[in-house]
Amino acid sequence: MASDDVLTLAESLAQTRVTEGELSYKGQGLKLDDAASVEQMVKEIQDFGGLRALRLEGNTVGLEAAQTIAKALEKKSDMQCCHWSDMFTGRLRAEIPPALVSLGDALILAGARLQVLDLSDNAFGPDGVKGIEKLLRSSACHSLQELRLNNCGMGIGGGKILAAALTMCHRESSAIGAPLRLKIFIAGRNRLENDGATALAQAFQLIGSLEEVHMPQNGINYPGVTALATAMQHNPQLRVLNLNDNTFTKRGAIAMAQALKHLRSVQVINFGDCLVRSEGASALAETVNEGLSLLKELNLSFGEITEEAALEVARSVRHKEHLEKLDLNGNSLGEEGCEALRELMESMNMADKLGSLSDDEGEPDEDDEEDEDEDDDVEEEEEEEEYGEEEEEEEEEEEEKSELHQYSTPPSAPRTPDVSSFLSFPSPDKLLRLGEKRSTLIQQQVDVLDVSKTAEAFLKIASIYKVEDEEVKSAVLESIADKRIREMVAFLKTILVYEEGRRGRAAVLKITLEVEVLREHGEVHLRVISVSDAVLSKAFLSPSFQGLSFVSRLLVMLGLLKSEDKLKPVKVVPGHLQCLEHAVKQSYFPPEHIPVLNAFLIRQNQSLEICSSARDQLKLTLQKLTPES
């Protein structure tokens, strides 16, 4: 190692904290690549008598360094706590599984009896779960009480591997009279979806000792929620249930309400951003009213709950003497409903327990409520159908799109919704909370080669477009067609001239590129990198995308063209037409499709009368863009 590196490492190691039984290198930002880089650390581990906890979080550990640390752990039989979150930043995905295998084998060889295993914020995917599978099945984890795997990108496959390992661990530990008594399970932001959640639910039902379950933002819908509800009934000591930002719909919420009736120790329920809907909220209110005497926190925010159901929820907590917070923010109460809720809480001397109502979305239209009920029924039937089919062979490990250095927030902190939740039930708040990468996240979710899904996604995003709300307006336009594509085209024509001669201009423009301008030492450097752009630009730039079929589908969904398959048109709102007007003016939109749209817009159509201003503006734009014959 270079002398400067040695000095830096020595200074970092000097900050090592030692408490009773614990050796901590937490947050030192050490770059540990090889055996030499961990020489001092290994010596400290070896010399530490009675080592029970090792903290490596906040550093970056390569394969050789991990294998060297593992060698030092082979004789540490007192090890109980592995705090190893966020310790593979910047490492290749291929490095991580063998590093985990080495560390796990060392703990098994040492005869350790783990109580805490924390590998959160390591984006290792399904293969990473395979890396700890042997450890989880072994006697080293028979004593495990806390398993923390937050933000690891496990996916459905990883969830199934994890469930099988926990099941085996419980079976083998039970055979020797000391069954696994897992108390805390944390696995938020892992894309577990229904199949992964259901597999884990089966393991939870068998284990039966859980006190805290945190599985927010996993794309879990009604089938997975129902499986988890059944499993929770078999864990009588459950205190905390956090399923924030999954999609319950009313049937999932009712299933959870029924499950909670079997529990007596629950203190925290976090079903925020889960679309429990009014009917689901009423069912939960009934459960709370009848039991859950220890309840401290109830979060039903952003659930599309209306005034009457919200008041039922509030009345249900009247006699909960331990209650600290009731969160009903972001629902559909309207001004009068919010005021009625505040007055009710005040009359019960619980005004200070009610959270903010600043993001209330206002009273829904009667038509909206009917549509929501229909959407729930259709969506849940589709989910049951899909879930009942025989599952295909497990897909290959998905490419992790999020940066490895990204930290996840603690389980109790507010979380951004996933894209599937937004696309299922769009709202301005959900779109904004997807963050700066909303365009990429949405594009990843939508199969742009499927014209129906592309049209549907476009209309759902466009439905929340509001001219008067600049922040939402900007976010919507960014999501349907990233403005960077327009800025790039002119520049690409100049810097990719040589590619035009070699492969042809069409081949070059099929690749979506982003130009980053980096200023270093007073010079301008240009770096062209591949990106996943927004829905429409990505679709129209895809060589196999059927643009005319997309336009036809869009006209059908807007009620401007009859469909042979009797597709029900959407309820047209100004945002649909305003976003379409924006799209047709962009460079990615094929000019040959504009006359087709114009031909249908100039016809009289009752479905567009409610949006006459936006319709007229779109017609004007189309007429300007349509070439004269």
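Residues numbered from 1 in each chain as written. Predicted model: local features only at pLDDT ≥ 70, side-chain atom pairs only at ≥ 80, totals over all residues. Heavy atoms only, no water.

Caption draft 1: Summary view of the overall build of the protein. The secondary structure content of the protein amounts to 26 helices and 16 strands. For the protein, with 629 residues in total, the buried portion stands at 52%. Considering only contacts within the protein whose residues lie at least 6 apart along the sequence, 80% involve residues at least 24 apart. Here the protein has roughly 29,100 Å² of accessible surface; of this, 47% comes from carbon and sulfur atoms. (Helix = DSSP H or I, 4+ residues; strand = E, 2+ residues; numbered from the N terminus. Buried < 20%, exposed > 50% of the residue type's maximum accessible area, 1.4 Å probe, protein only. Contact = heavy atoms within 4.5 Å. Areas by Shrake-Rupley, 256 points an atom, 1.4 Å probe, with all protein chains shown as cover.)

Caption draft 2: Spotlight on helix α2 (residues 39-47). Buried within α2 are the following residues: Met41, Val42 and Ile45. Projected onto a plane normal to the axis of α2, the buried residues spread over an arc of 100 degrees and lie on a single side. More than 90 degrees from the buried face of α2, the exposed residues found are Glu39 and Asp47. (Arc of directions from axis to C-beta.)

Caption draft 3: How the structure looks around the nonpolar core. Within the largest apolar cluster, 118 residues are counted, with the highest numbers of intra-cluster contacts made by Trp84, Leu147, Leu162, Phe185, Met215, Phe271 and Leu326. Per element, the largest residue contribution to this core is seven residues, and it comes from helix α7 (residues 193-207). Discounting residues that sit within four places of it in the chain, tryptophan 84 has contacts with Leu54, Leu56, Leu73, Leu103, Leu107, Asp118, Leu119 and Asn122. Core analysis: the next-biggest nonpolar cluster, separate from the first, contains 32 residues, Val584, Phe589, Phe600 and Ala614 among them. (Core = buried A, V, L, I, M, F, W, Y, C linked by side-chain atoms within 4.5 Å.)

Caption draft 4: Looking closely at the environment of glycine 21. Checked against the element boundaries, glycine 21 lands in the loop between β1 (17-19) and β2 (22-24). When its relative accessible area of 9% is taken as the criterion, glycine 21 is described as buried.

Caption draft 5: How the structure looks around the packing of helix α9 (residues 249-260) against helix α10 (residues 277-290). At a closest axis distance of 8 Å, the pairing of α9 and α10 adopts a crossing angle of 5 degrees. When the interaxial angle is binned, α9 and α10 end up roughly parallel. Along the contact surface, α9 presents Lys250, Ala253, Ile254, Ala257, Gln258 and Leu260, while α10 presents Glu279, Gly280, Ala283, Leu284 and Thr287. Looking at the contact of α9 with α10, its residues break down into six nonpolar, three polar and two charged. (Axes fitted to C-alpha atoms, helices over the stretch in contact; angles between N-to-C directions. Parallel < 35°, antiparallel > 145°, perpendicular 65-115°, else oblique. Nonpolar A, V, L, I, M, F, W, Y, C, P; charged D, E, K, R; others polar.)

Caption draft 6: Up close: the pattern of salt bridges. In this structure the tally under the stated criterion is 20 salt bridges. Between glutamate 133 and arginine 137 there is a salt bridge, with the nearest N and O atoms lying 3.3 Å from each other. Of the two residues, glutamate 133 and arginine 137 are both situated in helix α5 (residues 125-137); the distance of four residues between them amounts to about one turn of the helix. The exposure class assigned to glutamate 133 is partly exposed, which follows from its relative accessible area of 24%. For arginine 137, a relative accessible area of 27% corresponds to the partly exposed category. (Salt bridge = Lys/Arg side-chain N within 4 Å of Asp/Glu carboxyl O.)

Caption draft 7: Representation of α10. In this model α10 runs 20 Å from its N-terminal to its C-terminal C-alpha over 14 residues, within 8% of the 20 Å that 1.5 Å per residue would give. Every buried residue of α10 is listed here: Arg277, Gly280, Ala281, Ala283, Leu284, Ala285, Thr287 and Val288. Just downstream of α10, leucine 292 is the residue with a positive phi angle, here 50 degrees. (Expected span 1.5 Å × (residues − 1).)

Caption draft 8: Region of interest: the side chain of asparagine 235. Within the secondary structure layout, asparagine 235 lies in the loop between α8 (222-232) and β11 (240-242). Take asparagine 235: its relative accessible area is 0%, and that puts it in the buried class. Looking at asparagine 235, its side chain comes within polar contact range of the main-chain oxygen of phenylalanine 204, at 3.2 Å. If sequence neighbours within four positions are ignored, asparagine 235 has contacts with Phe204, Gly208, Ser209, Leu210 and Leu263. (Polar contact = N/O pair within 3.5 Å; in protein donor to acceptor, adjacent residues only side chain to side chain.)

Caption draft 9: Inspection of the packing of aromatic side chains at higher detail. Using the criterion set out here, one finds two aromatic pairs in the structure. With a centroid separation of 4.9 Å and 65 degrees between ring planes, the pair formed by phenylalanine 185 and phenylalanine 204 is classed as edge-to-face. Taken together, the residues span a long stretch of sequence, with phenylalanine 185 in strand β9 (residues 184-186) and phenylalanine 204 in helix α7 at a distance of 19 residues. Each member of the pair phenylalanine 185 and phenylalanine 204 is classed as buried. When the centroid spacing of 4.9 Å and the interplanar angle of 55 degrees are considered together, the rings of phenylalanine 248 and phenylalanine 271 count as tilted. (Phe/Tyr/Trp six-rings, centres within 6.5 Å; stacked < 30°, edge-to-face > 60°.)

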